[in-house]
Amino acid sequence: MLQFSRTNNVGVHIIADDIGVWISTDVWTVPVQKDIAKRYADNYLNPTVANQVNMGFFDYQGKVFFTHDNAKMVFSVQEAKDVIDLIKTTYP
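These numbers were taken from a predicted model, which means no experiment stands behind them.

Draft legend 1. Inspection of the pairing of strand E6 (residues 63–68) at higher detail. Note that strand E5 (residues 56–60) and E6 share five bridges and pair antiparallel. Looking at E6, one finds that Phe57 is bridged to Phe66. Between the end of E6 and the start of strand E7 (residues 71–76), which pair antiparallel, lie two residues, with Asp69 showing a positive phi angle near 50°.

Draft legend 2. Structural detail: the sheet that holds strand E1 (residues 2–5). In space, the four strands of this open sheet follow the order E1-E2-E3-E4, with antiparallel pairing throughout. A strand with exactly one partner marks an edge of an open sheet, and here the two such strands are E1 and strand E4 (29–33). Across this sheet, the average inter-strand angle for adjacent strands is 15°, counted without regard to direction. Bridge count between strand E2 (residues 11–16) and strand E3 (residues 20–24): four bridges; the pairing is antiparallel. Within E3, the residue paired with His13 across the bridge is Ser24. Relative to E4, helix H1 (residues 34–43) is tilted by about 85°, and along the sheet it contacts E3 and E4. Sitting on the sheet, helix H2 (residues 77–90) is in contact with E1, E2 and E3, with an inclination near 165° to E1.

Draft legend 3. Fine view of the sheet that holds E6. Spatially, E5-E6-E7 is the arrangement adopted by the three strands of the open sheet, whose pairing is antiparallel. Each edge of the sheet is formed by a strand with only one pairing partner; in this case those strands are E5 and E7. Across the sheet, the mean angle separating the axes of adjacent strands is 25° when strand polarity is ignored. Those strands touched by H2 are E5, E6 and E7, and its axis lies near 110° from that of E7.

Draft legend 4. Structural detail: the environment of Ile15. On the secondary structure map, Ile15 appears in strand E2. Taking the relative accessible area as the measure of exposure, Ile15 reaches 39% and is therefore partly exposed. Note: C-alpha distance between Ile15 and Val83 (68 residues apart in sequence) is 9.2 Å. Setting aside residues up to four positions removed in sequence, Ile15 forms contacts with Met1, Gly20, Val21 and Trp22.

Draft legend 5. Examining the nonpolar core more closely. Core analysis: the largest hydrophobic core is formed by 26 residues, its most contacted members being Ile14, Val21, Val32, Phe57, Phe75, Val83 and Ile87. Every element with two or more residues in this core is listed here: E1, E2, E3, E4, H1, E6, E7 and H2. When residues of this core are assigned to their parent elements, the largest contribution, five residues, is made by H2.

Draft legend 6. Structural detail: empty space enclosed by the protein. Scanning all chains against the criterion turns up one cavity of 30 Å³ or more. Within this model, the largest cavity holds a volume of roughly 30 Å³. If you trace the largest cavity, you find it lined by Val21, Ile23, Val32, Ala37, Tyr40, Phe57, Phe66, Val83 and Ile87. Secondary structure elements with two or more residues in the lining of the largest cavity: E3, H1 and H2.

Scoring rules and cut-offs
- Residues numbered from 1 in each chain as written.
- Predicted model: local features only at pLDDT ≥ 70, side-chain atom pairs only at ≥ 80, totals over all residues.
- Heavy atoms only, no water.
- Pairing = 2+ DSSP bridges.
- Helix = DSSP H or I, 4+ residues; strand = E, 2+ residues; numbered from the N terminus.
- Axes fitted to C-alpha atoms, helices over the stretch in contact; angles between N-to-C directions.
- Contact = heavy atoms within 4.5 Å.
- Buried < 20%, exposed > 50% of the residue type's maximum accessible area, 1.4 Å probe, protein only.
- Core = buried A, V, L, I, M, F, W, Y, C linked by side-chain atoms within 4.5 Å.
- 1 Å grid on protein atoms, 1.4 Å probe; cavity = no way out; pocket = protein on both sides within 12 Å on 5 of 7 lines; lining within 4 Å.
- Points joined across faces, edges and corners; volume = space filled by probe spheres on them.

Remember, this is a structural readout, not a statement about activity or role.
See the structure below:
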């Protein structure tokens, strides 16, 4: 489980289990099936298999944007690395 803090006391919680990755704030939860989460993690920073459908992790101006369906979240580079490491460790 990972936890990050945001402004205005909003917490971000990320859990990976046998179903998938659950990205939650105090207000909403985004489930990402494990095979899709693994693809997003594997494709991050891979120019030959980039997330060309505007889904997954993307670097932009020193931040990492995550999109999945209608959900969008911004991570610091270190937070994104931690999330990707969690995915890759959980789903080798």
